[in-house]
Amino acid sequence: MCGIVGAVGHKQCSDVLLDALKRLEYRGYDSSGIVTIHDSAIALKRAVGKLVNLDLALKETPLLGDIGIGHTRWATHGGVSNENAHPHVASGRVAIVHNGIIENHRTIRARLEAAGHQFSSDTDSEVLAHLFVEAFDAGLDPAMATRQVLDEIDGAYAFAVMAIDHPDLLIVARNASPLALGIGDDACYIGSDAIALSHLTRKVVYLKDHDYALVRADGVSVYQADGTPVNREAVIVAASPGLVDKGGYRHYMEKEIHEQPDAIAHSLAAMTNEYGRLTAQMSDEALRSIDGIVMVAAGTSHYATQIARYWIESLARVPVACEVASEFHYRQPATAPYNTAIAISQSGESLDTLMAMRHAAVCGLQTIGLVNVPSSTIAREADFVLPTRAGPEIGVASTKAFTAQLTVLLCFAVALARAKGQIDEARAEAIHAEIQALPSLVGKALGLFDAIRPVAHQLSQAKSALYLGRGALYPLAMEGALKLKELSYIHAEGFASGEMKHGPIALIEEDLPVVALLAADAVMAKASSNLREASARGGKIILLSEARAAAEVDYASAVITVPDVDPLLAPILIAIPAQILAYLTAVEKGTDVDQPRNLAKSVTVE
Ligand code: M6R
């Protein structure tokens, strides 16, 4: 995820900005840049690759000035290049850095280009710089200009703006992407998190979604979306914050749930080649040689494999077996027709999964590691690597790593299907477009916390709960149940809805919570009648569903809806309310959300 830093009132600030960017390296990046104002002019340095390249460029020609902003970029819109690296400057007067996605950037860009604005990058972010130029040209002051810009843009963002016309302030705003303001003695700072600022100040103000602020050397003025000034209390952060901070959220898990639009967008970017097509990080020839896939993983990663099986088999017509890693390792599997193993692991260090991947290699299978930690053992030992770019996941309960895994697996399925001639370019592009829309839909689903809170309150009273799903939502039912049990210690089981009548329906009794997952897919009608049977026997149906599927249901006691989406993507989108439900239930119960009892983040024993 991109990193943002800034300083105002700090003598020759480019050095401290570079230090701040170094502290954000853990988020991952492919290019970086810093811009300052000096002698009434904007001075910019950008570099592709590691920060050492920016450092060298700054040593050659230092940037002077007491106000500046900096950025580490992970490409989403536009390839990795100097031109696409942030900061972006418009008309030599306004510089911006941005984290997130401006969803309506095409429309805005077309309007601005028609009005004579000249763009110099392929990014969505550059529209921000031009929008501020336009607003200042219209005579608006910084606060009014910001409101006008915020009114026009859609999407997730944290951004900072610096303008020649207002050389004593930084303008910042956030919605769904983190941003912290640091209050120093004679200077103020901004950073994607408090860690970026830990060498400068421990006094931090966290903006809330839709806030914007004017940051000057002597303090900050924060406003809510409607322009009302608001007091966001400063907090004193730990002297040496850990590797990652909570960004003002109560728990790492809550923060990581909110990071999913970014995690998905960056993982999609990692699976997109320089021509804008989905890629599986291997040649078409290598893809065509895949006859069958064994997927090995544990826990949440195992449920991701089970969802991916529906995609890979239906799109690419390649047989897939999903194996619990700890079981596969000690079996003597008959591997035909499988010639490829995919080991899926957030950490890349789960010993069960590593051993299963090694076992697959011994059995003669080529190996693909799908990991979130690029330096991990699985990444180093696999023949090929598929990266998720979710950034560090600290909460023991996996959230953003899961939806990032699903994103990468769906991209892989599409690339495999196209290489094998099972789908044509038009279908591949149509699915690609659906995946591109996903960060925004997930952003909308993140607005469900308040709707889910009373449901979580009820669920926290239960001793046991069932999760039901059909088709690709069946593995998601098991994942939802895992989230609930590991976080709130409530017994929960996930079943295939159609399997209920073969036994588990005996468990249904008056008021037993049944969390039902439903999408408008080919099995909706059958899934719905399975749920009706559970309801008729006293089960209390909590429906997590697409809006149009929910419209068919009249038997639920609580209905939580996500936006309508292509059925292929429904498991990714419906995962969001399932995570929020488990999170809020755990908060109600007062359990240790980030470190549930008996659990480790990375299980490196067998
Ligand atoms: O790092 P990994 O993906 O290999 O971890 C696998 C499981 O240990 C992990 O997904 C675990 O089930 C989580 N606590 C689930 O939230």
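Residues numbered from 1 in each chain as written. Predicted model: local features only at pLDDT ≥ 70, side-chain atom pairs only at ≥ 80, totals over all residues. Heavy atoms only, no water.

Draft legend 1. Region of the structure containing the overall build of the protein chain. A count of helical and extended segments in the protein chain gives 19 helices and 25 strands. The C-alpha radius of gyration of the protein chain comes to 25 Å, within 12% of the 25 Å expected for a compact globule of 606 residues. Reported as C-alpha extents along the three principal axes, the dimensions of the protein chain are approximately 75 × 55 × 50 Å. The buried share of the protein chain, taken over its 606 residues, is 61%. Put simply, 71% of the contacts in the protein chain that link residues at least 6 apart link residues at least 24 apart. Summed over its atoms, the accessible surface of the protein chain is roughly 22300 Å², and 49% of this surface lies on carbon and sulfur atoms. Averaged over its 50 positive side-chain charges, the protein chain has a centre that lies 3 Å from the centre of its 70 negative ones. (Helix = DSSP H or I, 4+ residues; strand = E, 2+ residues; numbered from the N terminus. Rg over C-alpha atoms; globule rule 2.2 N^0.38 Å. Buried < 20%, exposed > 50% of the residue type's maximum accessible area, 1.4 Å probe, protein only. Contact = heavy atoms within 4.5 Å. Areas by Shrake-Rupley, 256 points an atom, 1.4 Å probe, with all protein chains shown as cover. Lys, Arg positive; Asp, Glu negative; His and termini not counted. Charge placed at Lys NZ, Arg CZ, Asp CG, Glu CD.)

Draft legend 2. Spotlight on the domain arrangement of the protein chain. The domain architecture assigned to the protein chain consists of domain 1 (3-248), domain 2 (249-436) and domain 3 (446-606). Between domain 1 and domain 2, the C-alpha centre-to-centre distance is 34 Å. Buried surface at the junction of domain 1 and domain 2, summed over both partners, amounts to about 1500 Å²; 58% is from carbon and sulfur atoms. Three residues, Trp-74, Val-244 and Lys-246, lead the burial of domain 1 against domain 2; their summed loss comes to 42% of the area buried on that side. (Domains from an automatic or database assignment. Buried area = accessible area lost by both parts, 1.4 Å probe.)

Draft legend 3. A look at the environment of Lys-463. You can see Lys-463 is positioned in the loop between helix 15 (449-459) and strand 21 (464-469). Residue classification places Lys-463 among the exposed residues on the basis of a relative accessible area of 76%. Separated by 26 residues in the primary sequence, Lys-463 and Tyr-489 have C-alpha atoms spaced 8.9 Å apart. Excluding residues that lie within four positions of it along the chain, Lys-463 makes contacts with Ile-490 and His-491.

Draft legend 4. Here's a closer look at the side chain of Thr-201. With respect to the element layout, Thr-201 can be found in the loop between strand 10 (188-191) and strand 11 (203-206). A distance of 2.7 Å separates the side chain of Thr-201 from the backbone oxygen of Ile-183, its partner in a polar contact. A polar contact is formed between the side chain of Thr-201 and the backbone nitrogen of Lys-203, at a distance of 3.0 Å. With residues up to four places along the chain from it excluded, the contact list for Thr-201 reads Gly-182, Ile-183, Gly-184 and Tyr-189. (Polar contact = N/O pair within 3.5 Å; in protein donor to acceptor, adjacent residues only side chain to side chain.)

Draft legend 5. The packing of helix 3 (residues 105-114) against helix 4 (residues 126-137), seen in detail. The geometry of helix 3 relative to helix 4 is characterised by a closest axis approach of 10 Å and an angle of 45 degrees between their N-to-C directions. Taken together, the axes of helix 3 and helix 4 lie oblique to each other. For the pair helix 3 and helix 4, the crossing hand works out as left-handed. Residues His-105, Ile-108, Arg-109, Arg-111 and Leu-112 of helix 3 pack against Val-127, His-130, Leu-131 and Glu-134 of helix 4. For the contact of helix 3 with helix 4, a count of residues per class yields four nonpolar, two polar and three charged. (Axes fitted to C-alpha atoms, helices over the stretch in contact; angles between N-to-C directions. Parallel < 35°, antiparallel > 145°, perpendicular 65-115°, else oblique. Left-handed = near helix turned anticlockwise from the far one by under 90°. Nonpolar A, V, L, I, M, F, W, Y, C, P; charged D, E, K, R; others polar.)

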